[in-house]
Each structure stands twice: as structure tokens, then as C-alpha cells.
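Architecture and fold: a report
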Amino acid sequence: MRFRVFQNDISPQRTMIFGFAAVILIGTVLLALPVSSADSRSIGWLDALFTATSAVCVTGLAVLDTGSDFSFFGQLVIMLLVQIGGLGFMTYGVIFSVLLGKKISLKDRLLVRESTKSISFKGVVRLTFAVIVIAFSLELIAAAVLTLRWAGEFGWQEAAYLALFHAVSAFNSAGFSLWPDSLSRYVGDPIVNLTISALVIIGGLGFTVLVDIYEKRNWRQLTLHSKVVILTSSILTLGGFLVFFILESFNPHTFGHLTLGERLWAAFFQSVTPRSAGFNTIDTGAMMSTSLLFTIFLMFVGASTGSTGGGIKTNTFAVLILTLKSVVKGQEEVTVLNRRISGNLVFQALAVIVLSFGIVLLACLLLTITERTAHHDFLEILFEATSAFGTTGLSMGVTRELTPLGKFIVIATMFIGRLGPLTFAFALALKPTKSKIRYPEDKILIG
């Protein structure tokens, strides 16, 4: 009875934290086994923990080479952790409970709502099944396309495995690749670029948006959330494409040796991958400083709420821009597409942005201390910290040179970035109490 009461007292946010931590711990144990290593020697516990956290948090930052340092078993463990981390452990819990004939309680529905970031807990079981169907269907379709593309190069069996691994990694915005140069060898390949990019974009929209699109199939009938996510994602992708194409065309170390067609594909892919994907088709470290700063911005924004990606989310960024527009125009309310956004949502968006900025800044400051002997410049450290928080996985070469303490800092940043700063804030906060006292209003000068 005591255990039951203890369980019921745990908030959904704390359950999420404990659940993800448990999956990471199990993954760490499995990856530390000798069977997970390519040379049959056990991988260090810290490296196993880092890899497991990166996989469950669908980040893609790696201190070891996934294709050469891990065995087939170890790679399967990583792929499974990515799948669980991307869709959420509660998704699989609900599926197994339904298959076993168990009733889904209100507590479970609240957990699923927190995991999928649904607006209401009604229909979350149906949404859970939709998540599984959408994810597995898209991954299998993409794997089939990539298998056909790589069969002539690697043979059917190896091509099928490579295709499935990269399809799962792409849809879940993980960025793990079995090649040390990621997808650089396919910088101008239309099939690989389109397939991987499509998975990243679709996975980054969020499952509530995908279900809404499937059910409505009409722009006017879509929810305001879906419209804002689609518009913001499209603007960021198009804007990123133009920025990278223009800037990197003057960079001999990235676009200099590419044809016009390859440059177009590279610019498009580079505009998609910072949105929490982590793959790369050009050398990230060789990009211009301006392009790197813009990449940091895209990584900080990330994907959308309820998706497999991280960051502050596109819809949060959209609310910030809309709020700024309202303030500049002197409007008392924030509106978009003939709809009014509540003040509570504006406060939440601002809280997410401030907390996220603080986390990235703290991680960056700590890394400048722990990694001072490696002589990394500030831009490299900022890039690494933002990539970890945004669960992106892009790196300028800092990851594999991290000190043990630096690895722990990045692990914590990835964990917080995957679950979201508000989840941690709500988990640590005490139960709110309504004050019976209402203080008089006063003014503070702003600006």
C-alpha cells in the first residue's frame, strides 16, 4: 500500500525523469558489456553512459565511432535506445498494457500527455497507437528506399541494415551514423538527401501535427498549433537554405569543390539537420563563423513540441516573435491567423526561452573551465553546448576530446535538453499554493 501511495504522489514530470534515467542506465549496462565492443573488450563506463544518454536523448554526439568501435550487438542496442528515446518510453508502456488487456488509468494518460505534449489527456491512447504506426511506417518506407539505393554499393543484406539504422536515426532526430564522416559521401545524392531530410522534417513536426494533418487534410481545418508549426518550420528551412547557400559558396573548404547541384543539396541539408537531426554532408568545423552562428541559432530553436527533436521548439520561437510584434505595434494582445494567444502561453514561452538560454550559458561556462587545456575557442564550446541542449548532435570536433568532467556536463545538458527545461522546473517545484493576499499593482521601467 505504501508503494502505491508513493507512486501516485509522483508527478508526471518526475516520472518522466526517472523513466528516461532508467532507460539510460539499462543502456549503459548493455553498452558496457564486452559483446557491445567491436574488439570484444568492454567499453569504459563513462563512454557507455555518454553513448547511452546521447542515444536515449536522440542527440547523436559521440565520443566513440558507432560504426567501428561498436559491434553489431552494440549498434542494435544504440538503435533500440534511439527508438525508445525518440518515441518515449511511455508510448511503449501503453502499447504493451493494451495488448495485455490492462486498463489505462488516468495517471497513465497524464504521463502519455506529458510525453507527447498533448493539449488534452483525452484520446491519448489513440494518439499513442498513431505514433507507433506513423513512426514504424515511415521508417520502413525510408529503409526500403535507402536499401534500393545502397544495394548495388554494399549488397542487399548490408544495405538493408545500413538503411534501417539510418532511417531510425533520422526519424528520431538522433544523428547517429555508421560512417565516421556521417553522410558526407552522399553530399550530392538526391535520394539520400531527400529521404533523410524528409524523415527529419516529418519527425520534427510533432505527432499531434502529423495526426492533425492526416485527419483534417485541409489547411483551413487544421488547429492553430499545426499551422504555426508548419509555417515556422517552413520559414526556418527556407531561410536556412538561402543563408547557407549564399555564405558557404564563398568558402573553399566546404562548397568550393562542389558542383552547383551539390551546393544546392548541401545547403538544403544543412538547413534541415540543425533542427535537431545531427547528420552532416559537409565538414561542420570548416564552415564560416557566420554560418556556424546561424547553425547555433537553428539548433537552439530545434524541432517542434511533441516531436522527436529538442531545442526551445519552433512554436515557442513563433510565440516569442509574435509577442515582439505585438509589443512593437503597441497591441495589448498577441494574435496570429485571426486567433488570440493567451497570456499564460506567452509567459510559458518566455520561461522556456530564458531557462534554455540559462542552461546553454551555464554549460558553456562550465565547459570553458573543464576544457581549457584543449585550447578550444569560445565558438566551438558554445556550438557544443547548444548542440547538446538542442539534442542536435553536430560538433566541431570537441566531443571526442572532452575531459571526463566535460563529458558529465554534456550528459546533463543532453538529458535536460531532451526532457525540456520546464519539465525539470515543474519536477523540482513544490506544489503551488494559492495566496489569499493580492498585492497592489505598481510599475517598473522597462527598456
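Right, let's walk through the structure included here. (Residues numbered from 1 in each chain as written. Predicted model: local features only at pLDDT ≥ 70, side-chain atom pairs only at ≥ 80, totals over all residues. Heavy atoms only, no water.)

Residues Ile26, Leu30, Leu33, Val35 and Phe73 make up a contiguous nonpolar surface patch of about 400 Å² in total accessible area. Along the chain, phenylalanine 73 turns up in helix 5 (residues 72-87). (Patch = residues over 30% accessible without salt bridge, like charges linked within 9 Å, V, L, I, M, F, W, Y side chains within 5 Å. Areas by Shrake-Rupley, 256 points an atom, 1.4 Å probe, with all protein chains shown as cover. Salt bridge = Lys/Arg side-chain N within 4 Å of Asp/Glu carboxyl O. Helix = DSSP H or I, 4+ residues; strand = E, 2+ residues; numbered from the N terminus.)

Let's shift gears to helix 15 (residues 314-329). In a regular helix each residue adds 1.5 Å, so 16 residues correspond to 22 Å; helix 15 covers 23 Å between its end C-alpha atoms and thus fits that length. Those residues of helix 15 that fall on the buried side of the exposure criterion are Thr314, Asn315, Thr316, Phe317, Ala318, Val319, Leu322, Thr323 and Ser326. Those residues of helix 15 hidden inside the fold are in contact with helix 12 (224-248), helix 14 (289-301), strand 1 (334-336), strand 2 (339-341) and helix 16 (343-370). A positive backbone phi angle near 75° is found at glycine 330, which sits one or two residues after helix 15. (Expected span 1.5 Å × (residues − 1). Buried < 20%, exposed > 50% of the residue type's maximum accessible area, 1.4 Å probe, protein only. Contact = heavy atoms within 4.5 Å.)

Bringing the pattern of salt bridges into the picture now. As enumerated under the stated definition, the model contains seven salt bridges in all. Between aspartate 47 and lysine 407 there is a salt bridge, and its shortest N-O distance comes to 2.7 Å. Within this pair, whereas aspartate 47 is found in helix 3 (residues 45-56), its partner lysine 407 is found in helix 18 (residues 404-419), the two being separated by 360 residues in sequence. Judged by relative accessible area, aspartate 47 falls into the buried class, the value being 17%. Residues glutamate 153 and arginine 149 are paired through a salt bridge, measuring 3.8 Å at the closest nitrogen-oxygen approach. In this pair, glutamate 153 and arginine 149 both sit in helix 8 (residues 124-154), four residues apart, roughly one turn of the helix. The partly exposed category is assigned to glutamate 153, whose relative accessible area is 43%. Taken together, the salt bridges that share partners define one network made up of Arg149, Glu153 and Asp189.

This part takes up unusual backbone geometry. For residues besides glycine, phi is generally negative; the peptide bonds are generally trans as well. Positioned with a positive phi, arginine 217 is a non-glycine residue whose angle comes to about 55°. As for its placement among the helices and strands, arginine 217 is situated in the loop between helix 11 (207-216) and helix 12. Despite not being glycine, serine 276 has its phi angle at roughly 85°, a positive value. In this fold, serine 276 is placed in the loop between helix 13 (260-272) and helix 14.

Right, let's get into the packing of aromatic side chains. In the structure shown here, the tally under the stated rule is 13 aromatic pairs. Here phenylalanine 72 and tyrosine 161 contribute two aromatic rings whose centre-to-centre distance is 5.1 Å and whose plane-to-plane angle is 55°, an arrangement assigned as tilted. Taken together, the residues span a long stretch of sequence, with phenylalanine 72 in helix 5 and tyrosine 161 in helix 9 (residues 156-171) at a distance of 89 residues. Note on tyrosine 161: relative accessible area 18%, which makes it buried. Aromatic pair tyrosine 161 and phenylalanine 165: ring centres 6.4 Å apart, planes at 55°, arrangement tilted. With tyrosine 161 and phenylalanine 165 both in helix 9 and four residues apart, the pair spans about one turn of that helix. For phenylalanine 165, a relative accessible area of 2% puts it in the buried group. Aromatic ring contacts, followed pair by pair, group Trp150, Phe154, Trp179 and Tyr186 into a single cluster. (Phe/Tyr/Trp six-rings, centres within 6.5 Å; stacked < 30°, edge-to-face > 60°.)

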